[in-house]
Amino acid sequence: MTTFIIVCVAMLVAALLWMVLPLLRAPKSSASSDSADITTYRSERRFSGLALALLVPVLAILMYAGLSNWDWKGAQIAASQAMDMEQAIDSLEAKLKEDPKNLEGWLLLGNTYTRTGRYPRAADAFQQAYDLTQGQNVDALIGLGEALALTDEASLAGRAGKLFDTALTMAPNHPKALWYGSIAALRAGDLRRGRDRLQLLMAQNPPEELRGVLERQIQDLDQQLGEGGQVGTTPSAPAGSERPAAASSRAIPVAVSLSPQLRQQVSGPLPLFILARDPSAGGPPLAVQRHSSDNLPLNVTLTESDAMIPARSIATVPKVVVVARLSRSGAPQQQSGDLYGEAEYEFGKNSGPLTIVIDRVVP
């Protein structure tokens, strides 16, 4: 953005020089010219040049502010919040250097790094807390497991999954441990354990938007395990109703591009997340891929293999909303200032690639 402003100022100065300099040059005088007329003419030209020099920049600024889709207020708020967060992190890091045995400080630093999307650093902070407690602190176990999983999902089949298993032996009803523990079990192919952990999570009366997600996941797993029954207190489906049948080869071709207006706001490579969500429920994406803004425009295909949870993929819903988002923080979670575009895809009705233009800014 700084480079863009510098270029605009340079172009504005060049335009002013091109318009104003001719007005400031003195006209050629002749023997018959009246000196008073010449003086008046020179004054008028200089006044016109001064007026242009003042009015053109003001007009340019007003037009850009009125016609541009750049979210100045959102950018200022995001910058201010980022600065405050960095100052808080620097202060906490300085305190931990003076007192490296401060368990609560390492846990707070780890959580802060996780919220800001710096997962490797979060893992380092939680590792310090883990070492201080010799692996006996539940928050350190879960924080470290989450940071490892967010850094590399494959770790759910390794150390991260083991950390969640250990945490659940110490705190069997911890919501975050149950959630990640269920994902780890499902990735390992242990559908029954994954289902059981989701049922324990369901029993804790989660928010309504999460309840719907859990109900569908548990019902899908029951079907795969060949078991019936109800989920929590959810009534059975009325006669004649059907759940979307799982398809074996569902795929969504997506063509992603960046609008010319927003391209000028991207000064370097940014992570590009392309994901499919269930528009009727919250929860994690049904499919997600990560790319780079350097690859735009880009054609990708979202498939069932891109699911975060095997039992919950694009095969389990009739339609999805596909979002393409450039993350300024690098985090997969949407944050203020991110650039995005989205479109709806309905299976059986859409034909050809789904076109998404990234042309909006998260406020």
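Rules and cut-offs
Residues numbered from 1 in each chain as written. Predicted model: local features only at pLDDT ≥ 70, side-chain atom pairs only at ≥ 80, totals over all residues. Heavy atoms only, no water. Buried < 20%, exposed > 50% of the residue type's maximum accessible area, 1.4 Å probe, protein only. Helix = DSSP H or I, 4+ residues; strand = E, 2+ residues; numbered from the N terminus. Pairing = 2+ DSSP bridges. Contact = heavy atoms within 4.5 Å. Axes fitted to C-alpha atoms, helices over the stretch in contact; angles between N-to-C directions. Phe/Tyr/Trp six-rings, centres within 6.5 Å; stacked < 30°, edge-to-face > 60°. Lys NZ or Arg CZ within 6 Å of the ring centre and 35° of its normal. Expected span 1.5 Å × (residues − 1). Salt bridge = Lys/Arg side-chain N within 4 Å of Asp/Glu carboxyl O. Core = buried A, V, L, I, M, F, W, Y, C linked by side-chain atoms within 4.5 Å.

**Q** When you look at the pairing of strand S5 (residues 319-326) in this model, what are you seeing that I'm missing?
**A** Moving residue by residue along a regular strand, the side chains alternate between the two faces of the sheet. Along S5, 7 of the 8 residues are buried, which leaves the element largely enclosed by surrounding structure. Where strand S2 (residues 271-277) and S5 come together, 6 bridges link them in antiparallel fashion. For Ala276, the partnering residue across the bridge sits in S5 and is Val322. In this structure, S5 lies alongside strand S6 (residues 339-346), joined through 8 bridges in antiparallel fashion. Residue Arg325 lies in a different strand from S6, and its bridge partner there is Tyr340.

**Q** Would you mind showing me how to read the environment of Leu144 here?
**A** Within the secondary structure, Leu144 is located in helix H6 (residues 138-151). Distance in space between the C-alpha atoms of Leu144 and Gln127 is 6.4 Å, their sequence separation being 17 residues. Residue contacts for Leu144: discarding those within four places in its chain leaves Ala123, Phe126, Gln127, Tyr130, Arg159 and Leu163.

**Q** Please clarify how the sheet that holds strand S7 (residues 354-358) should be interpreted in this entry.
**A** Remark on secondary structure: sheet strands pair via backbone hydrogen bonds, oriented parallel or antiparallel. Read across the sheet, 3 strands follow the order S4-S1-S7 without closing on themselves; strand pairing throughout is mixed. Here the strands that pair on one side only, and so sit at the sheet edges, are strand S4 (298-303) and S7. Strand-to-strand twist across the sheet, computed as the mean angle between neighbouring axes with direction ignored, equals 30 degrees. Where strand S1 (residues 251-258) and S4 come together, 6 bridges link them in antiparallel fashion. Note on S4: the bridge partner recorded for Ala251 is Thr303.

**Q** Before we go on, may I ask you to explain the packing of aromatic side chains in this structure?
**A** Two aromatic rings are characterised by how far apart their centres lie and by the angle between their planes. Tallied over the entire structure, the rule returns 2 aromatic pairs. An angle of 5 degrees between the planes, with centres 5.0 Å apart, marks the rings of Phe164 and Tyr180 as stacked. Within this pair, whereas Phe164 is found in helix H7 (residues 159-170), its partner Tyr180 is found in helix H8 (residues 175-187), the two being separated by 16 residues in sequence. Across the pair, exposure class does not vary: Phe164 and Tyr180 are buried alike. With a centroid separation of 5.3 Å and 75 degrees between ring planes, the pair formed by Tyr345 and Phe347 is classed as edge-to-face. An identical accessibility class is assigned to Tyr345 and Phe347; each is buried. If you follow Arg250 out to its NZ or CZ, it ends over the ring of Phe347, 4.1 Å from the centre.

**Q** Can you walk me through H8 in this structure?
**A** In an α-helix, one full turn covers 3.6 residues, which means residues spaced three or four apart are oriented alike. The first and last C-alpha atoms of H8 sit 18 Å apart over 13 residues, in line with the 18 Å expected at 1.5 Å per residue. Among the 13 residues in H8, 10 count as buried, and that is most of the element. Three or more residues of H8 are buried, namely Ala177, Leu178, Trp179, Tyr180, Gly181, Ser182, Ile183, Ala184, Ala185 and Leu186. Positive backbone phi, approximately 85 degrees, marks Gly189, located one or two places after H8.

**Q** Looking at this model, I keep getting lost on the pattern of salt bridges. Mind explaining?
**A** Counted under the stated rule, the structure contains 11 salt bridges. One salt bridge in this structure joins Arg187 and Glu153, with 2.6 Å as the shortest N-O distance. Here Arg187, found in helix H8, pairs with Glu153, found in the loop between H6 and H7; they are 34 residues apart in sequence, far enough to count as distant. Among the residues examined, Arg187 registers a relative accessible area of 37% and is labelled partly exposed. Its salt-bridge partner being Arg195, residue Asp222 comes within 2.6 Å of it at the nearest N-O pair. With a gap of 27 residues between them, Asp222 in helix H10 (residues 208-225) and Arg195 in helix H9 (residues 191-202) connect regions that are remote in the sequence. Bridged by salt links that share partners, the residues Arg195, Asp196 and Asp222 form one connected network.

**Q** Can you walk me through unusual backbone geometry in this structure?
**A** For residues other than glycine, phi is negative in most cases, and the peptide bonds are mostly trans. Across the junction of Leu296 and Pro297, the peptide omega takes the value -5 degrees, indicating a cis bond. Note that Pro297 resides in the loop between strand S3 (287-292) and S4. One non-glycine residue with positive phi stands out, namely Gln134, at about 55 degrees. A relative accessible area of 68% places Gln134 in the exposed class.

**Q** How should I be thinking about the nonpolar core in this particular structure?
**A** The nonpolar side chains of a soluble globular protein tend to be buried, and buried together. With 39 residues, the main nonpolar core has Leu109, Leu156 and Trp179 as its most contacted residues. Contributing elements (two or more residues each) for this core: helix H3 (72-98), helix H4 (103-115), helix H5 (119-132), H6, H7, H8, H9 and H10. Those residues in contact with Leu109 that lie beyond four places of it in its chain are Ile89, Leu92, Glu93, Leu96 and Ala125. Val256, Leu262, Val322 and Ala343 belong to the second-largest nonpolar core, a separate cluster that totals 30 residues.

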